[in-house]
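Notes for the structure review
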Amino acid sequence: MSCNDMSGPSRLQHLPSSVEKAEALYQQRGQLKEEQLMKKIQKLVGEEEKLRMPIAQGLPWTTDEPKCLIKPPVKKNTIPIDLKLHSDIRAMERARFAHQVAEKGRLIKQYKMERERQQKLEEEEEIKRLRKELIPKAKLMPYFDRPFIPRRSEKQPTVPREPKFCIPRHKTIKCCRMSCNDMSGPSQLQHPSSIEKAEALYKNRILQ
């Protein structure tokens, strides 16, 4: 046997397997990600500290003296006044209205009670009056010696008369024309003499 065959199994034991390679890669990747995260956090913290420390702005490069600005006049303190809220006004009006409604209901109730009392008194008076009327009373005896004999009336009977109905003129003319139309043909409607004759005949009939 050669020396290569003798050293074969010992070399296989030191070779890394695929699982060990994967674990090593996973650990390396985790370390890199942790470093990147730490760097990012440190950068953000530094930016926040810079923002917290305001940097004073320098004066302009001029030889002029700075101007003193005139202060505005001090205003007088405002004197507080009593506020009249719309809700308070509405509450007062509502309370007044509720009082009026309650007073009206009380008056209506009082009027109903008075009316019922008056009606009860009237009913009691009516019952007393009916009781008095229902008491039986003695009636007078009739006069048997002088009996009542009905007599015939001495008045003359009424004489009937024939009624005289007053017919208006426009109705008489209309009736005359209709009778004329019935008596005569369509050729005689245009002649005024035939209409006058028909009216005269109708008047004579009425007078008779």
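Given the structure is predicted, the values throughout are model-derived calculations rather than measurements.

1. Side note on the overall build of the protein
Across its full length, the protein carries six helices and zero strands. Secondary structure of the protein in N-to-C order comes out as α-α-α-α-α-α. Considering the protein as a whole, with its 208 residues, one finds that 3% of them fall into the buried category. Total accessible area on the protein is roughly 23400 Å²; 59% of this is exposed by carbon and sulfur atoms.

2. As for a nonpolar patch on the surface
On the surface, a nonpolar cluster with roughly 360 Å² of combined accessible area is contributed by Leu-37, Met-38, Ile-41 and Val-45. Secondary-structure assignment places Met-38 in helix α3 (residues 18-52).

3. Overview of α3
Counted at 1.5 Å a residue, the expected span for α3 with its 35 residues is 51 Å, and the 51 Å between its end C-alpha atoms agrees. Counting buried positions over the 35 residues of α3 gives zero, only a small fraction of the element.

4. Considerations on the pattern of salt bridges
Tallied over the full model, the rule gives four salt bridges. Here Glu-126 and Arg-129 are joined by a salt bridge, their closest N and O atoms 2.3 Å apart. Of this pair, Glu-126 and Arg-129 both sit in helix α4 (residues 86-133), three residues apart, which is roughly one turn of that helix. Using a relative accessible area of 36% as the deciding quantity, one classes Glu-126 as partly exposed. The partner of Arg-129 in a salt bridge is Glu-133, and the shortest N-O contact between them spans 2.7 Å. A residue pair is termed a helical-turn pair when its members lie 3 or 4 positions apart in one helix, as Arg-129 and Glu-133 do in helix α4 at four residues. A residue is classified by how much of its surface remains accessible, and Arg-129, at 38% relative accessible area, is partly exposed. The network of salt bridges with shared partners includes Glu-126, Arg-129 and Glu-133.

5. Re the confidence of the model for the protein
Low-pLDDT stretches of the model should not have their predicted coordinates read in fine detail. Of the residues in the protein, 72% have a pLDDT of 70 or more, and the chain-wide mean is 77. Across the protein, the element-wise mean pLDDT spans from 45 in helix α1 (residues 3-6) up to 93 in α4. When the criterion is pLDDT under 50, residues 1-14 qualifies, and its contacts beyond four places in sequence or with other chains add up to zero contacts. Counting interchain partners and residues more than four positions distant, the pLDDT-below-50 stretch residues 185-192 has three contacts.

6. Some thoughts on a negative patch on the surface
Taken together, the side chains of Glu-122, Glu-123, Glu-124 and Glu-125 present a region of like negative charge at the surface. Assignment of secondary structure puts Glu-124 in helix α4.

Quick notes on the rules
- Throughout, a residue's number is its position along its own chain's written sequence, starting from 1.
- Local features are withheld for residues below a pLDDT of 70 in this predicted model, meaning they are given only at 70 or higher, and side-chain atom pairs are given and counted only at 80 or more; totals for whole chains, interfaces and linings count all residues.
- With hydrogens and water set aside, each side-chain value is computed from the structure's full complement of heavy atoms.
- Per the convention used, a helix needs a DSSP run of H or I reaching at least four residues, while a strand needs a run of E reaching at least two, with both numbered from the N terminus.
- Three labels apply to residues, based on accessible area from a 1.4 Å probe with only protein chains included: buried if under 20% of the type maximum, exposed if over 50%, partly exposed otherwise in between.
- Throughout, the Shrake-Rupley method with a 1.4 Å probe supplies accessible areas, and for residues the shown protein chains are the sole cover considered.
- Residues forming no salt bridge and having over 30% relative accessible area are the ones grouped into patches, like charges within 9 Å of each other and nonpolar side chains (Val, Leu, Ile, Met, Phe, Trp, Tyr) within 5 Å.
- Here, a salt bridge means any side-chain nitrogen of Lys or Arg that lies within 4 Å of a carboxyl oxygen of Asp or Glu.
- Given a helix with a known number of residues, its expected span is that number minus one, times 1.5 Å.
- Known as pLDDT, the predictor's confidence for each residue is given on a scale from 0 to 100.
- Whether two residues are in contact is decided by their heavy atoms, any of which lying within 4.5 Å being enough.
- For the purpose of charge, His is not counted, nor are the chain termini; Lys and Arg are scored as positive and Asp and Glu as negative.
- Here the site of a charge means NZ on Lys, CZ on Arg, CG on Asp, or CD on Glu.

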